[in-house]
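# Residue-level structure breakdown
Next come the chains, spelled out residue by residue.
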Amino acid sequence: MTTTPTGTPAERKALAKGLLKLNENMLTLAELSELAIRKAADALARLDAAIADEVFTLDQEIYALQLEIEKTCGDLIALHAPVASDLRTITTSLKMTTDLDRIGRYAKDIAEITLQFPPEAENWYGRLPGLPKMVDRTIEMVDVVTEAFVRRTADSVRDMAGVDDAVDTLFEETLAAVTKFMAEGFLSADLGVRYILVARYLERIADHAVNIGERVVYMVTGERLPRVRAAERSEGGPLG
Amino acid sequence: MALEAGSVSGPDLEEEPGSADIRGTASPKLETQRLSAWFGEKQALDSISLGIPPNAVTAIIGPSGCGKSTYLRCLNRMHELVDGARVEGQVLLDGEDVYREDPMRIRRRIGMVFQRANPFPTMTIHANVAAGLRFAGIRDPDVVDRAVVRSLKRSALWDEVREDVWRSGTSLSGGQQQRLCIARALAVEPEVLLMDEPASALDPIATAKIEDLIFELKKEMTIVIVTHNMQQAARVADFTAFLYLGKLIEFDRTRDLFEKPQETLTENYITGRFG
């Protein structure tokens with residue numbers, strides 16, 4: 001039997017099959033996480049408890065899939081001693097699952113806040129333009145990094161930190177708007193704080209998308225991107 | 001570091017124990033410059049330029065027939081012992097061309113251990129280790145005895161054979177015989193040890209002992225090991241060179257070569273996607 005450095009052809013085939021399964025599960029996990037953000041934002045925009053409840057179910061599925069991916073990665077490492085791009089794919093997947101799980105958890109947190117709104121609460125979502133923009137931007141960021149992971153491309157995610165700066169700016173704008181409405185007595189402190197928390201969670205989701213982008217660059221090129229402070233980054237990026 | 005035409009001098013070696021930057025102030029212990037080798041008409045090595053860092057383990061990997069054993073045998077002038085074999089280019093030991101030196105002297109400075117343990121079958125353990133010394137003209141029994149004990153200790157065999165070093169070398173297990181051959185090579189105090197798949201015929205426990213030994217020996221000498229076993233290269237080598245069809249494709253720190261090889265050929269080989 002002919003052997004390769006990583007074992008027999010059959011063993012190589014088993015590794016390739018395992019990596020394919022890993023890739024499929026990672027894509028599903030990213031899609032579930034993104035769906036959780038969409039549902040959480042939709043529930044908040046409509047103050048719809050039924051949609052918010054769906055996010056809890058998604059969070060459970062995300063957690064279960066994360067565990068399955070961890071097991072797959074452990075098996076692939078233990079059984080096949082992967083190296084080079086195979087190894088980078090597995091270690092990147094392991095790191096990404098944590099980020100995607102956190103994204104799902106933040107979506108769940110937003111859903112939880114939605115469920116805490118009093119029945120008679122006024123819906124301010126439409127009057128805080130920064131919030132829907134943050135939702136769109138964060139979903140777009142998760143989309144971009146997922147696409148880059150699936151296509152094994154690094155260029156589109158090299159400047160996710162720059163894109164994140166735009167989300168940070170939207171967060172500051174939302175914070176300023178909410179505190180202004182609160183100070184002027186239009187928005188109760190009870191509701192205002194909830195909207196600030198939602199904005200904060202969206203801002204954190206964007207941070208996790210940045211992490212994923214950095215991981216994808218490493219997976220594709222082996223390069224570890226340095227952390228650069230926002231003040232040192234030039235403005236703009238792939239999402240404008 | 002990726003291969004550039006005609007020369008691979010080595011990676012940056014900052015903070016690498018026992019191996020300062022070989023392109024900077026510290027020189028490689030052993031260096032080949034445009035080394036080519038032939039068996040008759042058949043070319044086995046094609047212009048390999050490689051600096052082997054001192055006090056470190058350098059692994060040579062590559063598919064069967066890539067020239068890795070030939071490369072090893074060129075380093076201590078064993079290749080020229082084959083009928084019709086010839087060599088071009090230079091092999092430098094501490095900057096001196098080994099092909100301008102007495103080959104026997106070079107082989108004392110650059111020892112070698114082979115794939116199959118090959119103790120002299122009619123000799124005792126003691127005589128096997130002492131053989132190299134005797135060939136070198138050292139016959140004082142006290143000197144020889146001290147060297148034998150020291151070599152057996154350095155090869156981590158002493159504790160297993162100290163009760164009876166006068167029994168036959170072939171009475172030892174396969175792993176012990178290989179360590180006996182290492183002791184024999186060490187007896188003449190080589191500066192470089194070449195190892196041609198030294199553990200390929202051994203079980204995992206005997207292999208682990210050889211690998212532990214390599215780890216200890218590199219503190220005192222430079223080691224070049226040819227191995228088919230990727231995991232072994234990853235475990236024991238500080239640097240790894242990948243050869244393919246007689247050419248040096250890539251040379252880098254082992255961890256970099258196995259984590260992010262620069263050449264597609266290397267990637268395909270180490271991940272098993274070859275051919």
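Predicted, not measured: the structure shown is a model, and the values here were computed from it.

Helices and strands together make up the secondary structure of chain B, namely ten helices and ten strands. For 275 residues, the compact-globule formula gives about 19 Å, and the C-alpha radius of gyration of chain B, at 18 Å, lands near that figure. Across its three principal axes, chain B shows a C-alpha extent of roughly 55 × 40 × 40 Å. Counting across all 275 residues of chain B, residues that qualify as buried make up 50%. Partitioning the contacts of chain B with sequence separation of at least 6, the portion at a separation of at least 24 is 68%.

This brings us to the sheet that holds strand E7 (residues 192–196) of chain B. All names here are of chain B. Strand order in the open sheet made by the six strands is E6-E7-E8-E3-E9-E10, with mixed pairing throughout. Each of the sheet's edge strands pairs with one partner strand only, and the pair in question is strand E6 (110–113) and strand E10 (247–253). Strand-to-strand, the axes of this sheet are offset by a mean angle of 20°, without reference to chain direction. Pairing geometry for strand E3 (residues 57–61) and strand E8 (residues 222–226), over four bridges, is parallel. Of the residues in E8, the one forming a bridge with Ile-60 is Val-226. The sheet strands contacting helix H6 (residues 174–187) are E6 and E7, and the helix crosses E6 at an angle near 170°.

Turning to the environment of Arg-102 of chain A, a few remarks are in order. For Arg-102 of chain A, the location among the structural elements is in helix H3 (residues 84–116). Remark: the alpha-carbon pair of Arg-102 of chain A and Asp-190 of chain A, spanning 88 residues in sequence, is separated by 25 Å.

Attention now goes to the sheet that holds strand E1 (residues 30–39) of chain B. Residues and elements named next belong to chain B. Read across the open sheet, the four strands follow the order E2-E1-E4-E5; overall the sheet is antiparallel. Only two strands of the sheet have a single partner each, and these edge strands are strand E2 (42–52) and strand E5 (96–97). As defined by bridge partners, strand E4 (residues 85–93) adjoins E5 across two bridges and the pair is classed as antiparallel. Directly across from Leu-92, in E5, lies its bridge partner Asp-97. Of the strands in this sheet, E1, E2 and E4 touch helix H1 (residues 68–75), which is tilted by about 65° from E2.

Core analysis: the biggest nonpolar cluster contains 142 residues, and Ala-40 and Val-145 of chain A together with Ile-225 of chain B have the highest contact counts within it. Per element, the largest residue contribution to this core is 14 residues, and it comes from helix H6 (residues 189–221) of chain A. Setting aside chain neighbours within four positions, we find Ala-40 of chain A in contact with Val-55, Ala-107, Ile-110 and Ala-111 of chain A.

Moving on: the packing of helix H4 (residues 141–154) of chain B against H6 of chain B. Packed helix pairs are characterised by how far apart their axes lie and by the angle those axes make with each other. All names here are of chain B. Where H4 meets H6, the axes come as close as 8 Å, and the angle between the chain directions of the two elements is 130°. Taken together, the axes of H4 and H6 lie oblique to each other. Considering how the two elements wind past one another, H4 and H6 form a crossing that is right-handed. Contacts from Ala-147, Val-148, Ser-151, Leu-152 and Arg-154 of H4 reach H6 at Ala-183, Leu-186 and Ala-187. Considered class by class, the residues forming the contact of H4 with H6 number six nonpolar, one polar and one charged.

We now examine the confidence of the model for chain B. Interpreting fine coordinate detail is not advised for predicted regions of low pLDDT. Residue and element names in this part refer to chain B. Mean pLDDT for chain B: 89, with 90% of residues reaching 70 or above. In the predicted structure, residues 13–25 sits below a pLDDT of 50 and forms 27 contacts with residues beyond four places in sequence or in another chain. The ipTM for the predicted assembly is 0.72, set against a pTM of 0.81.

Another point: the pairing of strand E9 (residues 239–244) of chain B. Residue and element names in this part refer to chain B. Among the six residues that make up E9, six are buried, leaving the element largely enclosed by the rest of the structure. Where E3 and E9 come together, four bridges link them in parallel fashion. Note that in E9 the partner of Ile-60 across the bridge is Ala-241. As paired elements, E9 and E10 share six bridges and run antiparallel to each other. Paired with Ala-241 across the strands is Phe-251, a residue of E10. Connecting E9 to the antiparallel partner E10 that follows it, the hairpin turn spans two residues, and Leu-245 within it adopts a positive phi of roughly 50°.

So, about unusual backbone geometry. Residues and elements named next belong to chain B. Even without being a glycine, Asn-55 presents a positive backbone phi close to 50°. Within the element layout of this structure, Asn-55 appears in the loop between E2 and E3. The partly exposed category is assigned to Asn-55, around which 17 C-beta atoms lie within 10 Å. Positive phi, normally seen in glycine, also occurs at Leu-245, with a value near 50°. Relative to the helices and strands, Leu-245 is located in the loop between E9 and E10.

Before going further, it helps to spend a moment on the interface of chain A and chain B. Size of an interface, as often reported, equals the accessible area lost when the parts are brought together. Each side of the interface is counted separately: chain A has 13 residues, and chain B has twelve residues. Looking at the side of chain A that touches chain B element by element, the count peaks at five residues for H3 of chain A. Here the side of chain A that touches chain B is built from residues that sort into five nonpolar, five polar and three charged.

Right, let's get into the packing of helix H2 (residues 49–80) of chain A against H3 of chain A. Residue and element names in this part refer to chain A. Packing of H2 against H3 leaves a shortest axis separation of 9 Å and a crossing angle of 165°. In terms of axis orientation, H2 runs roughly antiparallel to H3. Seen along the crossing, H2 lies across H3 with a hand that is left-handed. Here the contact of H2 with H3 is built from residues that sort into 17 nonpolar, five polar and five charged.

Rules used throughout
Every residue gets a number counted from 1 within its own chain, in the order that chain's sequence is written. Here the convention is simple: chains get letters from A, ligands get numbers from 1, in the order in which they are written. For this predicted model, a pLDDT threshold of at least 70 governs which residues receive local features, and a threshold of 80 or more governs which side-chain atom pairs are given and counted, while totals over whole chains, interfaces and linings are taken from all residues. For helices the rule is a DSSP run of H or I covering at least 4 residues; for strands it is a run of E covering at least 2, with both sets numbered from the N terminus onward. For the radius of gyration, the atom set is restricted to C-alpha positions; the globular benchmark scales as 2.2 Å times the number of residues to the power 0.38. The burial criterion counts other C-beta atoms lying within 10 Å of a residue's C-beta, which is placed from the backbone; the residue is buried at 20 or more, exposed at 12 or fewer, and partly exposed between these limits. With C-beta atoms placed from the backbone, a contact is any residue pair whose C-beta atoms sit within 7 Å. At least two DSSP bridges between two strands are required for those strands to pair. The axes used here are C-alpha line fits, helices contributing only the stretch in contact, and every angle between their N-to-C directions lies in the interval 0 to 180 degrees. To form a nonpolar core, buried Ala, Val, Leu, Ile, Met, Phe, Trp, Tyr and Cys residues must be joined through C-beta atoms within 7 Å. Oblique is the label for any angle not covered by the other classes, which are roughly parallel (under 35 degrees), roughly antiparallel (over 145) and roughly perpendicular (65 to 115). In this scheme the handedness of a crossing depends on how the near helix is turned from the far one: anticlockwise by less than a right angle means left-handed, clockwise means right-handed. Amino acids outside the nonpolar list (Ala, Val, Leu, Ile, Met, Phe, Trp, Tyr, Cys, Pro) and the charged list (Asp, Glu, Lys, Arg) are all regarded as polar, and Gly is one of them. The predictor attaches a confidence to each residue, called pLDDT, with possible values from 0 through 100.

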